[in-house]
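# An overview of the molecular structure
Okay, here's what each chain looks like letter by letter:
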Amino acid sequence: MPLTNTLPTADLQALDAAHHMHPFTANGALAEKGARIITRADGVRLTDSEGVELIDGMAGLWCVNIGYGRHELAEAAARQMRELPFYNTFFQTSHVPAITLAAKLAELAPDNLNHVFFAGSGSEANDTNIRLVRQYWALKGQPERRTIIARRNAYHGSTMGGGSLGGMAAMHAQGGMPIPGIVHIDQPYWWGEGGDTTPEAFGLERAGQLEAKILELGPENVAAFIAEPVQGAGGVIIPPESYWPEVQRIVDQYGILLIADEVITGFGRLGHWFGSQSYGIRPHIMTVAKGLSSGYQPIGGSIVCDEVAQVVAQDEFNHGYTYSGHPVAAAVALENLRILAEERIVDRVRETTAPYLAQAWSSLSDHPLVGEAVSRGLMASLALTPDKASRAGFAMEPGTAGYICREYCFANNLVMRHVGDRMIIAPPLVITNVDIDMLIDRARRALDQTLAHLHRDGLMMAR
Ligand SMILES: *Cc1c(COP(=O)(O)O)cnc(C)c1O
């Protein structure tokens, strides 16, 4: 059966509703409404089953960094499938794609991050990280160093480990998370939580919570701190400039491990190969996935520093996935990295597209509904507010205004996501300035329609 659209949209929607359980979705409500069905894509554009074209402001799910339709990746997959479609790396065997990709990542990653443990996704890689840092401290003779500090409103995946590291209250409310040994501090979200303090003072204050938590737990009990350089799924929360240098100072002072979750910020999103380089931080482990293969194949991993890798190598690490270093996924990732480098896509983000987006996006801050319009690299967000001056939230249920705005974006053929009442984008890194203008035109139209809708229904009320 061909995988292109061969049935009427309504039939596809009915089959989808009858049999397909969507992630992070109220499936009952979606079944009534019907999913929008995407049938093909090219560059930064999606086509749905009605033949309508949309701008993909989210690069799929933050992952299609090189854009859609790169046949080189399809050919790399086909070539590898013919030659060696699968082999494992558990029992003293290896294969060319895993070896080559590990070496390539060691070359791209900063400093002494020279070792790669492969996973099938970002969630799996973060599960690996939990076990890796605890095993490291156990082998160092400090097994009581088990607690991992993470942040509220962080996203580190949806497995039991990843979901526990994450700080999403709605996820923790279901299914028994967080697992023991993981604690959370507050996020550096100045617009939403900074009150009367300046962003710089607030960044120091929130970094200071890390030190306070380490002292409360006892430094001898703390294994690691994990954070995204810029929070993605939390709403594209860009920390104040004072935040990361202070976190680095604290991590250094107490000798705990720093895990940078680079699943979104890796592979060019912030104009460097890794977000850690953009912020000048020195992690011991980086989590990668998404942009590693531009989403063309599922693959993730942990890029680990010499010290941690050498200690963990002293004993058998009883951990791994059938698909760790999957040869087809690794071959596709390698081809993706080749294109990112040879076409200077990462440099182009830093030198051209990110500055252009920053300037164009910030023009939205004069819209009456927009409290802030911020970007870093090619990730950007808007805070919707009924009262710009006081940075107030809406009186109605949080996320209602965001949802209404998202629906207008969708109707205007723009994929822009909402997180609560923040609107976010992270387009493919190959987006042109002309397409950025078109994206922002559509976003502005959606904001106008949202504002009219909220006024009409009497919903422009502050909490
Ligand atoms: C998406 C994401 C993950 C989880 O990756 P999956 O491949 O969905 O398991 C982890 N961390 C961050 C920062 C992410 O954005």
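Residues numbered from 1 in each chain as written. Predicted model: local features only at pLDDT ≥ 70, side-chain atom pairs only at ≥ 80, totals over all residues. Heavy atoms only, no water.

- Per an unreviewed UniProt entry, the recorded name for the protein is Beta-alanine--pyruvate aminotransferase, and the organism is Roseinatronobacter ekhonensis.
- Database annotation for the protein, UniProt heading Cofactor (unreviewed entry): "pyridoxal 5'-phosphate". (UniProt positions renumbered as here; feature names shortened; annotations may be inferred.)

## A word on the environment of V328
- Its place among the elements puts V328 in helix 14 (residues 327-342).
- It is 40 Å that separates the C-alpha atoms of V328 and A383, two residues lying 55 residues apart in sequence.
- With sequence-adjacent residues up to four places away left out, V328 is seen in contact with A77, Q80, M81, P85 and Q297. (Helix = DSSP H or I, 4+ residues; strand = E, 2+ residues; numbered from the N terminus. Contact = heavy atoms within 4.5 Å.)

## Considering the site of the ligand
- Neighbouring the ligand are S121, G122, S123, N126, Y155, H156, G157, E228, D261, V263, I264 and K290.
- The separation between an oxygen atom of the ligand and a polar side-chain atom of S121 is 3.5 Å.
- In this structure, G122 approaches the ligand through a main-chain N or O atom, which is 3.0 Å from an oxygen atom.
- Broken down by element, the shell around the ligand gets its largest block of residues, 3 residues, from helix 6 (residues 122-139).
- A breakdown of the residues in the shell around the ligand according to their chemical character gives 3 nonpolar, 6 polar and 3 charged. (Near = heavy atom within 4 Å. Polar contact = N/O pair within 3.5 Å; in protein donor to acceptor, adjacent residues only side chain to side chain. Nonpolar A, V, L, I, M, F, W, Y, C, P; charged D, E, K, R; others polar.)

## Topic: helix 16 (residues 400-411)
- In this model, helix 16 (12 residues) spans 17 Å end to end at C-alpha, consistent with the 16 Å of a helix rising 1.5 Å per residue.
- Among all positions in helix 16, only A401, G402, I404, C405 and C409 are buried. The arc that holds the buried residues of helix 16, viewed along the axis, is 160°, so those residues lie on one side.
- Looking at the packing, one finds that the buried side of helix 16 touches strand 12 (379-384), strand 13 (414-415), strand 14 (417-419), strand 15 (422-425) and helix 17 (433-456).
- Where helix 16 terminates, the next one or two residues include N413, which has phi positive at roughly 60°. (Expected span 1.5 Å × (residues − 1). Buried < 20%, exposed > 50% of the residue type's maximum accessible area, 1.4 Å probe, protein only. Arc of directions from axis to C-beta.)

## Regarding the domain arrangement of the protein
- Examined at the domain level, the protein breaks down into domain 1 (37-66 + 344-456) and domain 2 (72-342).
- The gap between the C-alpha centroids of domain 1 and domain 2 is 26 Å.
- Every contact between the two is made by 35 residues of domain 1 and, on the other side, 38 residues of domain 2.
- With both sides pooled, the region where domain 1 packs onto domain 2 buries about 2900 Å², and carbon together with sulfur makes up 61% of that total.
- Counting across the domain 1 and domain 2 interface gives 1 salt bridge.
- Of the charged contacts, one joins E241 and R376 as a salt bridge, the two residues approaching to 3.1 Å between their closest N and O atoms.
- Counting every contact that joins domain 1 to domain 2 gives 22 residue pairs in polar contact (both at pLDDT 80 or more).
- Listed by contribution, the elements that provide at least two residues to the side of domain 1 that touches domain 2 are helix 3 (59-62), helix 15 (345-362), strand 11 (370-376), strand 12, strand 14 and strand 15. (Domains from an automatic or database assignment. Buried area = accessible area lost by both parts, 1.4 Å probe. Salt bridge = Lys/Arg side-chain N within 4 Å of Asp/Glu carboxyl O.)

## A word on the packing of helix 16 against helix 17
- Relative orientation of the contacting elements helix 16 and helix 17 amounts to 130°, with a least axis distance of 8 Å. Here helix 16 lies oblique to helix 17, going by the angle between them. Like other packed secondary-structure pairs, helix 16 and helix 17 cross with a definite hand, here right-handed. Where helix 16 abuts helix 17, its residues A401, I404, C405, Y408 and C409 lie against A446, L447, Q449, T450, H453 and L454.
- Tallied by class, the residues present in the contact of helix 16 with helix 17 amount to 8 nonpolar, 3 polar and no charged. (Axes fitted to C-alpha atoms, helices over the stretch in contact; angles between N-to-C directions. Parallel < 35°, antiparallel > 145°, perpendicular 65-115°, else oblique. Left-handed = near helix turned anticlockwise from the far one by under 90°.)

## Quick look at unusual backbone geometry
- A cis geometry characterises the amide bond from M177 onward to P178, with omega recorded as -5°.
- The residue P178 is located in the loop between helix 8 (169-172) and strand 6 (182-185) in this model.
- Backbone geometry places W62, a non-glycine residue, at a positive phi of 65°.
- Mapped onto the secondary structure, W62 falls in helix 3.
- For W62, a relative accessible area of 2% gives the class buried.
- Positioned with a positive phi, R391 is a non-glycine residue whose angle comes to about 50°.

## Describing the environment of Q174
- Note that Q174 resides in the loop between helix 8 and strand 6.
- Taking the relative accessible area as the measure of exposure, Q174 reaches 60% and is therefore exposed.
- Through-space distance from the C-alpha of Q174 to that of T159 is 12 Å; in sequence the pair is 15 residues apart.

## Here's the deal with the side chain of H319
- Mapped onto the fold, H319 is located in the loop between helix 13 (306-312) and helix 14.
- On the basis of relative accessible area, H319 is assigned to the buried category, the value being 18%.
- Polar side-chain contacts of H319 include one of 3.2 Å to the side chain of R131.
- A polar side-chain atom of H319 sits 3.3 Å from a polar atom in the side chain of Y321.
- Those residues in contact with H319, other than ones at most four positions away along the chain, are F117, T128 and R131.

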